[in-house]
Amino acid sequence: MFRPRVLFALVLCALVTTFAASQEMPMAARTTPAFDQLKSLAGQWEGTTPDGKKVQVSYELISNGSVLMERLHPGNEPDMITMYSLDGDRILVTHYCSMGNQPTMQTSASPAATGKLDFTFLRLAGAKSPDEGHMAALTVSIPDKTHLVQTWTFMDKGKSQTESFTLTRKT
């Protein structure tokens, strides 16, 4: 009678250990080489706005590495958040603008890991009208591990304006 109890206790311990281990080790998030390049931006960056104001940018991996969150602090203006994530074979970016709207842009299907990603307009949320000022395109260029250039295309009442931010990784 003693043996079955010991065997039962051992099997029960093995099951509990297996269940606990599976709960502690989440599955790795799906990724692509191009998204891995974006994820390599995690950390602190600094640079200047086109009009010469200082800009601070931080990148943080969240949601088990499935989302890259960018916090942009452009000089004395309100912070803006931009979220990068995979959607099938494309990378999506949603920009939470200080103007109160949220444009979403996307890459082409299966972008290559060339150090340059072009995002084109997909949809606009939170705007009072479709011609309200909003970001309509974004290019992220990563020439090396310590430099980054973002080129924004802003649309307002049918007119576009392009600005570039050159950033350097803080050490």
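A brief report on the enclosed structure follows. (Residues numbered from 1 in each chain as written. Predicted model: local features only at pLDDT ≥ 70, side-chain atom pairs only at ≥ 80, totals over all residues. Heavy atoms only, no water.)

Re the layout of surface pockets
Its boundaries defined by the atoms lining it, the largest pocket holds a volume of some 370 Å³. In terms of lining residues, the largest pocket is bounded by 19 residues, among which Glu 77, Met 80, Trp 152, Glu 163 and Phe 165 are the most central. Mapped onto the lining of the largest pocket, the elements with two or more residues apiece are strand 3 (67-74), strand 9 (147-156) and strand 10 (159-169). When residues of the lining of the largest pocket are assigned to their parent elements, the largest contribution, four residues, is made by strand 10. Along the lines of polarity and charge, the residues of the lining of the largest pocket split into ten nonpolar, five polar and four charged. (1 Å grid on protein atoms, 1.4 Å probe; cavity = no way out; pocket = protein on both sides within 12 Å on 5 of 7 lines; lining within 4 Å. Points joined across faces, edges and corners; volume = space filled by probe spheres on them. Helix = DSSP H or I, 4+ residues; strand = E, 2+ residues; numbered from the N terminus. Nonpolar A, V, L, I, M, F, W, Y, C, P; charged D, E, K, R; others polar.)

Some words on the sheet that holds strand 8 (residues 134-144)
Spatial strand order, 1-2-3-4-5-6-7-8-9-10: ten strands in a closed barrel with antiparallel pairing. For this sheet the average axis-to-axis angle between neighbouring strands, irrespective of direction, equals 25°. Sheet analysis places strand 9 next to strand 10, joined by ten bridges and oriented antiparallel. Opposite Val 149, over in strand 10, you have Thr 166 as the bridge partner. (Pairing = 2+ DSSP bridges. Axes fitted to C-alpha atoms, helices over the stretch in contact; angles between N-to-C directions.)

Some remarks on unusual backbone geometry
A positive phi angle, close to 60°, is found at Asn 64, a residue other than glycine. If you trace the backbone, Asn 64 turns up in the loop between strand 2 (54-62) and strand 3. Here Asn 64 falls in the partly exposed class, since its relative accessible area comes to 46%. With a phi close to 50°, Ser 110 is a non-glycine residue in the positive phi region. Along the chain, Ser 110 falls in the loop between strand 6 (102-106) and strand 7 (116-125). (Buried < 20%, exposed > 50% of the residue type's maximum accessible area, 1.4 Å probe, protein only.)

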